[in-house]
Amino acid sequence: MKISLLRHGRPAVDLSTRIRTADFPAWLDAYEAAGIDLSLPPPTPLAPALADGGLVLTSPARRAVESAAALRIPAKITVTPAAAEIPLPSRLKWPTAVRPGTLVVAARVLWLLK
């Protein structure tokens, strides 16, 4: 049996515009609702490497389901809540506006320390 773990494609959200922490909860909502950036297809060698698999498990996140479909392999795609990411803390305090990725990293670290 072969098991491959993959991360979803790049979400179609703005990752470069600096935001304040007060805007982070709304940004997280947009991130969770976002699909994948269709201008960035899966790496060319990925689909052939996975073509003989019979099952793809994905979280219910739109970006995860779209990423599985973008592979265009003949496997059955099954959505399971057990594969969902843990929600991030969204109420952070930061003195300046920063890129959303910075806040995501801070939120993940805070979650781990919780």
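To be clear, the structure that these remarks concern was listed above.
About the thresholds
Residues numbered from 1 in each chain as written. Predicted model: local features only at pLDDT ≥ 70, side-chain atom pairs only at ≥ 80, totals over all residues. Heavy atoms only, no water. Buried < 20%, exposed > 50% of the residue type's maximum accessible area, 1.4 Å probe, protein only. Helix = DSSP H or I, 4+ residues; strand = E, 2+ residues; numbered from the N terminus. Arc of directions from axis to C-beta. Contact = heavy atoms within 4.5 Å. Patch = residues over 30% accessible without salt bridge, like charges linked within 9 Å, V, L, I, M, F, W, Y side chains within 5 Å. Areas by Shrake-Rupley, 256 points an atom, 1.4 Å probe, with all protein chains shown as cover. Salt bridge = Lys/Arg side-chain N within 4 Å of Asp/Glu carboxyl O. Polar contact = N/O pair within 3.5 Å; in protein donor to acceptor, adjacent residues only side chain to side chain. Pairing = 2+ DSSP bridges. Right-handed = clockwise from strand over helix to strand, strands pointing away.

A.B. asks: So, helix H1 (residues 24–33): which residues are in play, and what are the values?
C.D. replies: Taken together, the buried positions of H1 are occupied by Phe24, Trp27, Leu28 and Tyr31. Looking straight down H1, one finds its buried side chains confined to an arc of 100°; they lie on one side. For H1, exposure combined with an orientation more than 90 degrees from the buried face picks out Ala26 and Asp29. Contact partners of the buried residues in H1: helix H3 (62–70) and helix H4 (100–113).

A.B. asks: For the side chain of Thr58, give the residues involved together with the corresponding values.
C.D. replies: Tracing the backbone shows Thr58 in strand E1 (residues 55–58). Among all residues touching Thr58, those that are not within four sequence positions of it are Ala64, Val65, Ile77, Thr78, Val79, Thr80 and Ala83.

A.B. asks: Tell me about a nonpolar patch on the surface, residues and numbers included.
C.D. replies: Taken together, the side chains of Val105, Val109, Leu110 and Leu113 define a hydrophobic patch exposed on the protein surface, amounting to about 390 Å² of accessible area. With respect to the secondary-structure elements, Leu110 resides in helix H4.

A.B. asks: Just give me the short version of the side chain of Ser67, but keep the residues and values in it.
C.D. replies: Relative to the helices and strands, Ser67 resides in helix H3. A distance of 2.7 Å separates the side chain of Ser67 from the backbone oxygen of Arg63, its partner in a polar contact.

A.B. asks: Describe the pairing of strand E2 (residues 76–79), and please don't skip the residues or the numbers.
C.D. replies: Where E1 and E2 come together, four bridges link them in parallel fashion. Counted as the bridge partner of Leu57 is Thr78 from E2. In this view, the connection linking E1 to its parallel neighbour E2 by way of H3 has right-handed handedness.

A.B. asks: Could you give an account of the environment of Thr21, naming the residues involved and the relevant values?
C.D. replies: Along the polypeptide, Thr21 turns up in the segment before H1. We classify Thr21 as buried; its relative accessible area is 13%. Taking the C-alpha atoms as reference, Thr21 lies 7.2 Å from Ala97; in sequence the two are 76 residues apart. Excluding residues within four positions of it along the chain, Thr21 makes contact with Ser90, Leu92, Lys93, Trp94 and Leu103.

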